[in-house]
Amino acid sequence: MLALTIFLVIFSLLIASFCGFLFWQVQEQKKLIATMMADDQLSDIEQDPELILTLKVRDPIALAKRESRSARMLADRLPVMVRKMVYQEVMKELEQELYDRDIDVEMRIEYR
């Protein structure tokens, strides 16, 4: 019975120590957040995020082969150039369509 009591006391002390450690970690996090807020590193957090529309042509080579006779010959030899040309053409057509509907957009091609 004495061994069980000693075990429970030691176990309780370990749990109390762990709780103290967690409390200390929370306090350190609060200090870090307060420091960052004071340094104005998080001042832009209140702004709404910017929405960006991403467009990906699933099979640009097949599209190029379907739409252009010259692309049929170039697609197998210069696939990177053909992909770039497809994206440029899609961007140009989409931009024209949006311009016709009086929608002001900023378009660019990004590599990822």
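The text that follows walks through the structure, step by step, so that each part is easy to find.

Rules used in this analysis
- Residues numbered from 1 in each chain as written.
- Predicted model: local features only at pLDDT ≥ 70, side-chain atom pairs only at ≥ 80, totals over all residues.
- Heavy atoms only, no water.
- Axes fitted to C-alpha atoms, helices over the stretch in contact; angles between N-to-C directions.
- Helix = DSSP H or I, 4+ residues; strand = E, 2+ residues; numbered from the N terminus.
- Parallel < 35°, antiparallel > 145°, perpendicular 65-115°, else oblique.
- Contact = heavy atoms within 4.5 Å.
- Nonpolar A, V, L, I, M, F, W, Y, C, P; charged D, E, K, R; others polar.
- Phe/Tyr/Trp six-rings, centres within 6.5 Å; stacked < 30°, edge-to-face > 60°.
- Buried < 20%, exposed > 50% of the residue type's maximum accessible area, 1.4 Å probe, protein only.
- Core = buried A, V, L, I, M, F, W, Y, C linked by side-chain atoms within 4.5 Å.

1. With respect to the packing of helix 2 (residues 60-67) against helix 4 (residues 79-100)
- Two elements in contact, helix 2 and helix 4, have axes separated by 9 Å at closest approach and are oriented at 75°. In terms of axis orientation, helix 2 runs roughly perpendicular to helix 4. Only Pro 79, Val 82, Arg 83, Val 86, Tyr 87 and Val 90 of helix 4 make contact with helix 2, whose side of the interface consists of Pro 60, Ile 61, Leu 63 and Ala 64.
- Residues belonging to the contact of helix 2 with helix 4 are distributed by class as follows: nine nonpolar, no polar and one charged.

2. Notes on the packing of aromatic side chains
- Taken as a whole and assessed by the stated rule, the structure comprises two aromatic pairs.
- Summarising the aromatic geometry, the rings of Phe 7 and Phe 11 are spaced 6.1 Å apart at their centres and angled 15° between planes, so their arrangement reads as stacked. You can see Phe 7 and its partner Phe 11 sitting in helix 1 (residues 2-38), four residues apart, about one turn around the helix.
- Here Phe 11 falls in the partly exposed class, since its relative accessible area comes to 43%.
- Look at Phe 21 and Trp 24: their rings are 6.0 Å apart centre to centre, the planes differ by 40°, and that puts the pair in the tilted class. With Phe 21 and Trp 24 both in helix 1 and three residues apart, this pair spans about one turn of that helix.
- A relative accessible area of 42% places Phe 21 in the partly exposed class.
- Residue classification places Trp 24 among the partly exposed residues on the basis of a relative accessible area of 45%.

3. Quick notes on the nonpolar core
- With seven residues, the main nonpolar core is built from Val 57, Ile 61, Ala 64, Ala 71, Ala 75, Val 82 and Val 86.
- Among the secondary structure elements, those contributing two or more residues to this core are helix 2 and helix 4.
- In contact with Ile 61, other than residues within four places in its own chain, are Ala 75, Pro 79, Val 82 and Arg 83.

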